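One-letter residues, chain by chain:
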Amino acid sequence: MPTTDVTAKATIAYQAMLEVIATAEPTVAEAIRKELADQRGSLKLIASENYATLPTLLAMGTWFSDKYAEGTVGHRFYAGCANVDTIEATAARHAEELFGAQHAYVQPHSGIDANLVAYWTILSHRIELPALEELGVKSANDLSEQDWETLRHRLGDQRLMGMSLDAGGHLTHGFRPNISGKMFHQRSYGTDPATGFIDYDAVRAQVREFKPLILVAGYSAYPRRVNFATMREIADEVGATLMVDMAHFAGLVAGKVFTGDENPVGNAQVVTTTTHKSLRGPRGGMVLVDDEFAADVDRGCPMVLGGPLANMMSAKAVALAQAKTPDFQAYARAIASNAKALAEGFLRRGATLVTGGTDNHIVLVDVATSFGLTGRQAESALLDAGIVTNRNSIPGDPNGAWYTSGIRLGTPALTSRGFDADAFDRVADLICETLNATTAATASNGKPGKAKYEMAEGLTSRVHDEAHELLDANPLYPGLEL
Ligand SMILES: *Cc1c(COP(=O)(O)O)cnc(C)c1O
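Residues numbered from 1 in each chain as written. Predicted model: local features only at pLDDT ≥ 70, side-chain atom pairs only at ≥ 80, totals over all residues. Heavy atoms only, no water.

Attention shifts here to the pairing of strand E16 (residues 448–455). Along any regular strand the residues' side chains alternate between the sheet's two faces. One ladder, built from four bridges, connects strand E15 (residues 438–442) with E16; its direction is antiparallel. Among the inter-strand pairings, Thr442 is bridged to a residue of E16, identified as Pro448. A loop of five residues connects E15 with E16, the two strands running antiparallel in sequence, and Gly446 in this loop sits at a positive phi of about 85°. (Pairing = 2+ DSSP bridges. Helix = DSSP H or I, 4+ residues; strand = E, 2+ residues; numbered from the N terminus.)

Now for helix H9 (residues 228–237). Three or more residues of H9 are buried, namely Phe228, Ala229, Thr230, Met231, Ile234 and Ala235. On its buried side, H9 packs onto strand E6 (185–189), helix H8 (200–210), strand E7 (214–218) and strand E8 (241–245). Looking at where H9 begins, the residue whose side-chain oxygen comes 3.1 Å from the main-chain nitrogen of Ala229 is Asn227. Phi turns positive, to about 70°, at Gly239, one or two residues after H9. (Buried < 20%, exposed > 50% of the residue type's maximum accessible area, 1.4 Å probe, protein only. Contact = heavy atoms within 4.5 Å. Polar contact = N/O pair within 3.5 Å; in protein donor to acceptor, adjacent residues only side chain to side chain.)

To continue, consider the domain arrangement of the chain. Interfaces are often sized by the accessible area lost when the parts come together. Domain assignment breaks the chain into domain 1 (63–323) and domain 2 (326–473). Distance between the C-alpha centres of domain 1 and domain 2: 31 Å. The interface is formed by 27 residues belonging to domain 1 together with 26 residues belonging to domain 2. Together, the buried faces of domain 1 and domain 2 total about 2000 Å²; carbon and sulfur atoms form 58% of this surface. (Domains from an automatic or database assignment. Buried area = accessible area lost by both parts, 1.4 Å probe.)

Bringing the packing of H8 against H9 into the picture now. For the pair H8 and H9, the least separation of the axes is 9 Å and the interaxial angle reads 20°. It follows from the interaxial angle that H8 and H9 lie roughly parallel. As for the relative orientation of H8 and H9, their crossing is right-handed in sense. Residues Tyr200, Val203, Arg204, Val207 and Arg208 of H8 form the contact with H9, whose participating residues are Thr230, Met231, Glu233, Ile234 and Glu237. Across the contact of H8 with H9, the residue classes tally to five nonpolar, one polar and four charged. (Axes fitted to C-alpha atoms, helices over the stretch in contact; angles between N-to-C directions. Parallel < 35°, antiparallel > 145°, perpendicular 65-115°, else oblique. Left-handed = near helix turned anticlockwise from the far one by under 90°. Nonpolar A, V, L, I, M, F, W, Y, C, P; charged D, E, K, R; others polar.)

Grouped together as the largest cluster of nonpolar side chains are 59 residues, with contacts concentrated most on Phe99, Leu215, Met231, Met246, Phe249, Leu279 and Leu288. Three or more residues apiece are contributed to this core by two domains, here domain 1 (63–323) and domain 2 (326–473). Once residues lying within four places of it in the same chain are set aside, the contact partners of Leu279 are Leu98, Phe99, Ala250, Gly251, Ala254, Thr274, Met286, Leu320, Ala323 and Phe328. Residues Leu342, Leu414, Leu470 and Leu471 belong to the second largest nonpolar core, which totals 43 residues. (Core = buried A, V, L, I, M, F, W, Y, C linked by side-chain atoms within 4.5 Å.)

On to a nonpolar patch on the surface, then. A surface patch of nonpolar side chains, amounting to about 340 Å² of accessible area, comprises Tyr68, Phe77 and Tyr78. Structurally, the position occupied by Tyr78 is in the loop between strand E3 (75–76) and helix H4 (82–99). (Patch = residues over 30% accessible without salt bridge, like charges linked within 9 Å, V, L, I, M, F, W, Y side chains within 5 Å. Areas by Shrake-Rupley, 256 points an atom, 1.4 Å probe, with all protein chains shown as cover. Salt bridge = Lys/Arg side-chain N within 4 Å of Asp/Glu carboxyl O.)

Now for the environment of Ser370. Mapped onto the elements of the fold, Ser370 is located in helix H15 (residues 367–371). For the pair Ser370 and Thr352, spaced 18 residues apart in sequence, the C-alpha separation works out to 5.5 Å. Among residues more than four places away in sequence, those in contact with Ser370 are Ala351, Thr352 and Val365. Within polar-contact distance, the side chain of Ser370 engages the backbone nitrogen of Thr352 at 2.8 Å. From its side chain, Ser370 meets the backbone oxygen of Asp366 in a polar contact 2.6 Å long.

Below, the structure written as structure tokens:
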């Protein structure tokens, strides 16, 4: 079906949907309508967000939501799961083909869940079985209370190493607010203070010393590519399992921008991801594993997860099928080339970027050095101007994790709207103009404020107008009339 026909049909579907929902709760129907208007009307530069396609969105709202299907394909704890089996097997097959993975587990409800499933997969595979053998029993059912006690201690006594938070790692890579920081002995590796890049020799030295069971690579706020082949060599030296969390950049892997040593699949034994960031699918997660881990990962439900969300797995299958197309590969290449254009736009206007640029989808602007602002002030001032970003720590951040010194920008969402390199250069211009005209205001205690700021008069409406020109030229869901 041509795109215009798809959009015309989606218009009918969504108009009907809103009317139907309004009969039960009009406030919800109104909020859904308003959210589309808000998303259409703002420059979304949040690096972790995107706009799912209409077929993906529509696949989420079905009666598959009503079905219980604990277990996995062909092995369910509930009756009547034939159609869920079709959905889950289709999504898994698309994921395996798209990424060239040996085995895909498509149930995780989010990225955090995917990581928890992955950690327990690795622990189950590497800790439980040797312990059972040593204890001279065949199955967990034969374990005595004392054996369980020993096992609990062994499971709780393992080591994990991931990238530090201020270098761009994620909370789930062993940090205290997340369960991963409580269940493992944790250490982290950072980046070279001079360049901002990962220093693989330094990582190797730390890994040799700490000897983790799990080495985690992957990030949420690192604007550079990672050599996963080198990370695997480092992991192998100490017998660690390499797990790559590609939550942020899965779209660049799917779209064949990251290949060879930069492709986590094939280099890491376990790869986790979200499906809703650069991959542009529904909100959810996935785990891709080498065959060795397949049986363990398939026990993710009920080990860690509740009943699978078959409606979300339907949408994953749709999005993964779309990600196999040449169109998606062109989209992924545009994400990366647009990020370069955005970075160059900042550099040309004198701003300072962490690592001096980007070669993925992220640009991390040091707003303290560039504009004399905290990340908090910059984020708020930009939001006033209709530009949605998020504040982010930079390596060695003097303003801490709450106020921060950076703003993180990403190109996946606006690239989905059709923004090209010229449009991203104008985005850099609007951001620089806004932040140059913003000053830190004094806090009530008379000290330089970390949250308060003042903006030059008339600035916001001028930036708003220019942003709207760009947004109108690149409409979200063009032809969808709601
Ligand atoms: C976003 C993200 C997650 C968490 O994803 P949720 O779906 O929000 O749970 C995990 N890891 C990384 C690296 C991420 O960027």
